[in-house]
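Secondary and tertiary structure notes
Here are the chains, one letter per residue:
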Amino acid sequence: MNILFLGGNRFFGKKLLKKISNKKKDKIFIINRGHRKIERDVLKKLNVKLIKCDRKDEAKLGRKLKNLKFDLIFDNCAYHLNDIKILINIIYKNCNPTYIFSSTVMSYLNIYLKKKRLNENDWYRAKSTKNMLKIYKSQELKYARNKRKIENFFIKNRKIKYIILRIHNVVGKFDFSKKTFKLFNTNFDQLKNYNFNEEDLLQFTYDEDLVKILYKFFNKKQAHSDVYNICNDPIKVKYFLKKKDKFFKNKIINIDDKKFPFPKNVIMANHKIKKKLNFKFTPINKIIYRISKSSEFK
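Residues numbered from 1 in each chain as written. Predicted model: local features only at pLDDT ≥ 70, side-chain atom pairs only at ≥ 80, totals over all residues. Heavy atoms only, no water.

Here we look at the pattern of salt bridges
Scanning the entire structure with this criterion turns up 14 salt bridges. Lysine 238 is the partner of glutamate 199 in a salt bridge, and the nearest nitrogen-oxygen pair spans 2.7 Å. With glutamate 199 in the loop between α7 (188-192) and β9 (201-202) and lysine 238 in helix α9 (residues 237-247), the pair connects residues that are 39 residues apart, well separated along the chain. The closest approach of N and O atoms between aspartate 226 and lysine 272, which form a salt bridge, is 2.7 Å. Note that aspartate 226 is positioned in strand β11 (residues 226-230) and lysine 272 in helix α10 (residues 271-277), a separation of 46 residues in sequence. The buried category is assigned to lysine 272, whose relative accessible area is 19%. Among the charged side chains, a salt-bridge network with shared partners connects Lys116, Asp122 and Arg125. (Salt bridge = Lys/Arg side-chain N within 4 Å of Asp/Glu carboxyl O. Helix = DSSP H or I, 4+ residues; strand = E, 2+ residues; numbered from the N terminus. Buried < 20%, exposed > 50% of the residue type's maximum accessible area, 1.4 Å probe, protein only.)

So this is what it looks like as structure tokens:
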């Protein structure tokens with residue numbers, strides 16, 4: 001299988017790239033601008049080829065991908081609809097690969113405000129409202145709207161086989177976004193400043209679970225297009241803090257961000273991914289313990 005990989009330079013993308021590069025039967029091509037170094041041990045593997053190019057440069061990308069055919073595309077760094085269209089205009093002339101696109105829980109937009117578990121079909125009822133400006137920063141809204149435009153493009157395009165993954169906030173070791181660091185370095189008094197109470201729910205996606213789920217998709221032939229919510233089971237704030245304090249004693253710092261990185265009561269249903277992939281998420285105790293062993297918290 002020929003795989004085109006976009007977004008394998010940081011966090012869970014890099015971990016997934018390492019995992020799939022161990023499969024000798026697959027040929028992996030990585031598009032990267034060269035602004036950051038991809039780890040040498042990955043590039044040394046015989047079935048990984050670096051395509052040094054900016055994905056927004058259609059002419060150069062067309063030359064680089066000329067005559068290449070792919071069975072699967074994994075895109076973890078498309079933020080604008082034009083990013084997708086450029087790639088599709090080039091690749092789909094010669095082949096019809098399955099396109100795996102990583103989206104976000106934020107594409108649900110104002111349904112965030114509803115206290116319920118959002119399933120995949122709730123996405124269609126979402127709207128962008130002026131009230132959202134009171135809750136989210138302008139760049140966050142722009143990000144959400146752009147991701148939603150990309151999703152809408154795939155859903156309406158019947159010629160492309162796609163897998164859309166709506167991912168809740170990802171946490172794990174060496175998280176460049178610092179969401180993990182902020183979440184695991186907070187206490188209840190600090191959470192109260194962001195209007196959380198003990199009975200509120202927190203939900204996130206453990207990066208190791210996400211990598212395992214993605215790996216399953218890489219090994220499964222998709223008969224049709226589909227959309228999945230990707231997130232661990234929710235946990236009440238009081239239980240999260242109780243379990244966290246077992247491993248993070250004396251490691252609490254002040255949150256210097258104006259806004260806590262996890263929106264309140266934004267809970268996605270994950271039953272579809274559990275049922276269709278027969279997947280079991282890592283228990284919260286293990287997640288907290290593993291993250292506590294990261295050098296970031298020492």
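Considerations on the sheet that holds strand β2 (residues 27-32)
Ordered in space as β3-β2-β1-β4-β5-β7-β11, the 7 strands form an open sheet in which the pairing is parallel. Either end of the sheet is taken by a strand with one partner, and the two such strands are β3 (48-52) and β11. Across the sheet, the axes of successive neighbouring strands diverge by a mean angle of 20°, strand direction being ignored. Inspection of the sheet shows strand β4 (residues 72-75) paired to strand β5 (residues 98-104) by 4 bridges, in the parallel sense. Along β5, the bridge assignment pairs aspartate 75 with phenylalanine 101. (Pairing = 2+ DSSP bridges. Axes fitted to C-alpha atoms, helices over the stretch in contact; angles between N-to-C directions.)

Points about unusual backbone geometry
The residue asparagine 67 is not glycine, and still its phi comes out positive at about 70°. For asparagine 67, the position within the fold is in the loop between α3 (58-64) and β4. You will see that phenylalanine 174, though not glycine, has its phi angle at about 60°, which is positive. The residue phenylalanine 174 is located in the loop between β8 (170-171) and α6 (179-183) in this model.

Quick look at the packing of α9 against helix α11 (residues 284-292)
Between two packed helices, the angle of one axis relative to the other and the distance separating the axes together describe the packing. Their axes nearest at 9 Å, the elements α9 and α11 cross at an angle of 40°. Classified by the interaxial angle, the pair formed by α9 and α11 is oblique. Judged by the sense of rotation from one axis to the other, the crossing of α9 with α11 is right-handed. Facing α9, whose interface residues are Phe240, Lys243, Lys244 and Phe247, α11 presents Ile284, Asn285, Ile288, Tyr289 and Ser292. Of the residues that constitute the contact of α9 with α11, the class distribution is 5 nonpolar, 2 polar and 2 charged. (Parallel < 35°, antiparallel > 145°, perpendicular 65-115°, else oblique. Left-handed = near helix turned anticlockwise from the far one by under 90°. Contact = heavy atoms within 4.5 Å. Nonpolar A, V, L, I, M, F, W, Y, C, P; charged D, E, K, R; others polar.)

Details of the nonpolar core
Among the nonpolar cores identified, the biggest contains 35 residues, and Leu4, Leu65, Leu87, Ile91, Tyr99 and Phe154 are the most heavily contacted of them. Non-local contacts of leucine 87, meaning those with residues more than four positions away in its chain, are made with Leu4, Leu6, Ile31, Arg55, Leu61, Leu65, Ile73, Asp75 and Tyr99. Core analysis: the second largest hydrophobic core is formed by 29 residues, Phe11, Ile20, Leu210 and Phe279 among them. (Core = buried A, V, L, I, M, F, W, Y, C linked by side-chain atoms within 4.5 Å.)

Here's the deal with the packing of aromatic side chains
Taken as a whole and judged by the stated rule, the model has 15 aromatic pairs. Ring plane angle 80° and centroid distance 5.0 Å describe the contact between phenylalanine 279 and phenylalanine 281, whose orientation is recorded as edge-to-face. For phenylalanine 279, a relative accessible area of 8% puts it in the buried group. Classification of phenylalanine 281 as buried rests on a relative accessible area of 12%. A connected cluster of aromatic rings, assembled from ring pairs, spans Tyr99, Phe101, Phe153, Phe154 and Tyr162. We note lysine 19 situated over the ring of tyrosine 215; from NZ or CZ to the ring centre the distance is 4.7 Å. Taking NZ or CZ as reference, lysine 272 lies 5.1 Å from the ring centre of tyrosine 228, over its face. (Phe/Tyr/Trp six-rings, centres within 6.5 Å; stacked < 30°, edge-to-face > 60°. Lys NZ or Arg CZ within 6 Å of the ring centre and 35° of its normal.)

Re the pairing of β4
The two faces of β4 match: Leu72 and Phe74 on one face and Ile73 and Asp75 on the other face are all buried. When strand β1 (residues 2-6) meets β4, the two strands line up parallel, connected through 4 bridges. Following the sheet pairing, phenylalanine 5 is matched in β4 by phenylalanine 74. Handedness of the β4-helix α4 (residues 81-91)-β5 crossover: right-handed. (Right-handed = clockwise from strand over helix to strand, strands pointing away.)

Digging into helix α5 (residues 138-156)
Between its terminal C-alpha atoms α5 stretches 27 Å, which fits the 27 Å expected from 19 residues at 1.5 Å a residue. Taken together, the buried positions of α5 are occupied by Leu141, Ala144, Asn146, Lys147, Arg148, Ile150, Glu151, Phe154 and Ile155. Summarising the contacts, the buried residues of α5 are in contact with α4, β5 and β7 (161-167). (Expected span 1.5 Å × (residues − 1).)

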